[in-house]
Structure formats: C-alpha cells, structure tokens
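One-letter residues, chain by chain:
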Amino acid sequence: MSYMVEQALKRGAIKKISKARSTGTYVVLIDNRDGKWCSGGAPWELACLDHGGSLGSHSRRHATSFMSAPEEWCDECQEETR
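Residues numbered from 1 in each chain as written. Predicted model: local features only at pLDDT ≥ 70, side-chain atom pairs only at ≥ 80, totals over all residues. Heavy atoms only, no water.

1. Considering the nonpolar core
Generally speaking, nonpolar side chains in soluble globular proteins are found buried as a group. In terms of nonpolar packing, the biggest core is built from 10 residues, these being Val 27, Leu 29, Trp 44, Leu 46, Cys 48, Ala 63, Met 67, Trp 73, Cys 74 and Cys 77. Counting only elements with at least two residues in this core, the list comes to β2 (26-31) and β3 (44-48). If we ignore the near neighbours within four places in the chain, the residues touching Ala 63 are Leu 29, Trp 44, Leu 46 and Ser 57. Judged by nonpolar contacts, the second largest core, of 9 residues, contains Ala 8, Ile 14, Val 28 and Cys 38. (Core = buried A, V, L, I, M, F, W, Y, C linked by side-chain atoms within 4.5 Å. Buried < 20%, exposed > 50% of the residue type's maximum accessible area, 1.4 Å probe, protein only. Helix = DSSP H or I, 4+ residues; strand = E, 2+ residues; numbered from the N terminus. Contact = heavy atoms within 4.5 Å.)

2. What about the pairing of β2?
Taking burial as the measure, the 6 residues of β2 include 5 buried ones, the bulk of the element. In terms of strand pairing, strand β1 (residues 14-19) meets β2 through 5 bridges, oriented antiparallel. Opposite Ser 18, over in β2, you have Val 27 as the bridge partner. Hairpin remark: β1 followed by β2, antiparallel, with 6 residues in the connecting loop; positive phi at Gly 24, about 80 degrees. Inspection of the sheet shows β2 paired to β3 by 5 bridges, in the antiparallel sense. What sits directly across from Val 27, in β3, is Cys 48. (Pairing = 2+ DSSP bridges.)

3. Concerning the pairing of strand β4 (residues 54-57)
Examined bridge by bridge, β3 and β4 share 4 bridges and lie antiparallel to one another. Bridging across to β4, Ala 47 finds its partner in Ser 54. Hairpin connection of β3 to β4: 5 residues between the antiparallel strands, including Gly 52 at a positive phi of 85 degrees.

4. Remarks on the sheet that holds β4
Overall, antiparallel pairing links the 4 strands, which are arranged β1-β2-β3-β4 in an open sheet. Strands at the two margins of the open sheet, each flanked by one partner only, are β1 and β4. Taking each pair of neighbouring strands and ignoring which way they run, the sheet shows an average axis angle of 15 degrees. (Axes fitted to C-alpha atoms, helices over the stretch in contact; angles between N-to-C directions.)

5. Some details on the pattern of salt bridges
Pairing of side chains with opposite charge becomes possible as their charged atoms draw close. Here the structure, examined in full by the defined rule, presents 3 salt bridges. For Asp 31, the salt bridge identified is with Arg 33, shortest N-O distance 2.7 Å. Of the residues examined, Arg 33 reaches a relative accessible area of 59% and is grouped as exposed. With a closest N to O distance of 3.3 Å, Glu 79 and Arg 82 form a salt bridge. (Salt bridge = Lys/Arg side-chain N within 4 Å of Asp/Glu carboxyl O.)

Written out as structure tokens, the structure is:
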C-alpha cells in the first residue's frame, strides 16, 4: 500500500474500496478536495492498491465509473490483462 493511501485511510479520506472483477485488484476512491493526498490537483483520486497506479478525476461520479476497470488507467493492471 502506498504512503498516500495509508495516510488517506488513517484520516478518513477513503470513501470507497472495491475489488475489480476484471483484474482481481483492489481499488480505492480518495476524497482529495482539500488537496492533501495527491499532488495532481484533481479533487477525486483512484488508486490501485496492488500496484500503486492512480487516476485523478474532476468528479466523484466520474472516478467511481472507472473503479471497475483499473486496466484502463493502471499500467501494471494493463500489462497483466494482455
């Protein structure tokens, strides 16, 4: 687990955790509206717990729509599903 995700978990910034069926990996949704967790500036962030890949998003709804398909944004998940 990355340091960012570990700290977000401790401080209650993780809003959802799910297991992606397509890859078998766990994905978390991080509330980054205060800008404390991710430096990219996106208010919502997805993180792959298995590989550390991440994706910033402008809305919670948009980010949530990508939780079930980490192979679209996590490089290592992409490699594993090829």
